[in-house]
Amino acid sequence: MTAQQKASKNSTPTEEINFRNSSWKEVTAEAKKSGKTIFVDAYTSWCGPCKLLKQTTFKDKMAATYFNKSFINYTVDMEKGEGIQLAKDWKVNSYPSLLFFNSDGKMVLKQIGYVDGKRLTELGKEALAKK
């Protein structure tokens, strides 16, 4: 049974942005292959607005549908593992940072701070226009 079939059997399916649980190297390889833009949620464990994004914005049905279709979504704790080096490479020092990269791994858009689902979708459209 596929994940979609399981979700449709569930009486209360939750629609949210599906983030990859892999390395940045794997994400960029997938983007190169597919030609898709990458959306990165750069967060820290102590960041209140980061938690709010996860609880509300990333569960916004319209935003989730749009991002799951249009982007490779990746979330990374900037104070753990490869996030430490990525924070340096991307010059990220404010959280949350919402980052968009073209399929070649070049940053095309950066938003700092909490946004709602509508604004996140607008940012996604801006990023796609810049690829």
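Provided above is the structure to which this section pertains.
Residues numbered from 1 in each chain as written. Predicted model: local features only at pLDDT ≥ 70, side-chain atom pairs only at ≥ 80, totals over all residues. Heavy atoms only, no water.

Peer 1: I'm lost on the overall build of the chain in this one. Help?
Peer 2: Broken down by element type, the chain carries six helices and four strands. What you see in the chain, going N to C, is helices and strands ordered as α-α-β-α-α-β-α-β-β-α. Expressed as a percentage of its 131 residues, the buried residues of the chain come to 40%. Across the chain, every contact between residues at least 6 apart in sequence was considered, and the portion connecting residues at least 24 apart equals 65%. In the structure as shown, the chain presents an accessible area of about 7,600 Å², 52% of it carried by carbon and sulfur atoms. (Helix = DSSP H or I, 4+ residues; strand = E, 2+ residues; numbered from the N terminus. Buried < 20%, exposed > 50% of the residue type's maximum accessible area, 1.4 Å probe, protein only. Contact = heavy atoms within 4.5 Å. Areas by Shrake-Rupley, 256 points an atom, 1.4 Å probe, with all protein chains shown as cover.)

Peer 1: Teacher, can you tell me more about the environment of Gln55 here?
Peer 2: Here Gln55 shows up in helix H3 (residues 48-55). Between the C-alpha atom of Gln55 and that of Glu16, which follows or precedes it by 39 residues, the distance is 9.7 Å.

Peer 1: Explanation requested: the pairing of strand S3 (residues 97-101) in the structure shown.
Peer 2: For a regular strand, side-chain orientation follows a simple rule: the groups alternate between the two sheet faces. Among the five residues in S3, five count as buried, and that is most of the element. One ladder, built from five bridges, connects strand S1 (residues 37-43) with S3; its direction is antiparallel. Paired with Ile38 across the bridge in S3 is Phe101. Relative to strand S4 (residues 107-112), S3 is paired through five bridges, and the arrangement is antiparallel. (Pairing = 2+ DSSP bridges.)

Peer 1: Explain the state of the cysteines here, please?
Peer 2: Here a disulfide denotes one covalent bond, and it connects the sulfur atoms of two cysteines. Across all of its chains, the model carries one disulfide by this definition. In this model, Cys47 is linked to Cys50 through a disulfide, with the two sulfur atoms separated by 2.3 Å. Measuring handedness by torsion sign, the sulfur bridge of Cys47 and Cys50 sits at about 85° and is right-handed. For the pair Cys47 and Cys50, a shared accessibility class is recorded, and that class is buried. (Disulfide = S-S within 2.5 Å.)

Peer 1: Any chance you could explain the pattern of salt bridges here in plain terms?
Peer 2: Considering all chains together, one arrives at seven salt bridges under this definition. For the salt bridge of Asp41 with Lys54, the shortest nitrogen-to-oxygen distance reads 2.7 Å. Here Asp41, found in strand S1, pairs with Lys54, found in helix H3; they are 13 residues apart in sequence, far enough to count as distant. Under the relative-accessibility criterion, Lys54 is labelled partly exposed at 33%. (Salt bridge = Lys/Arg side-chain N within 4 Å of Asp/Glu carboxyl O.)

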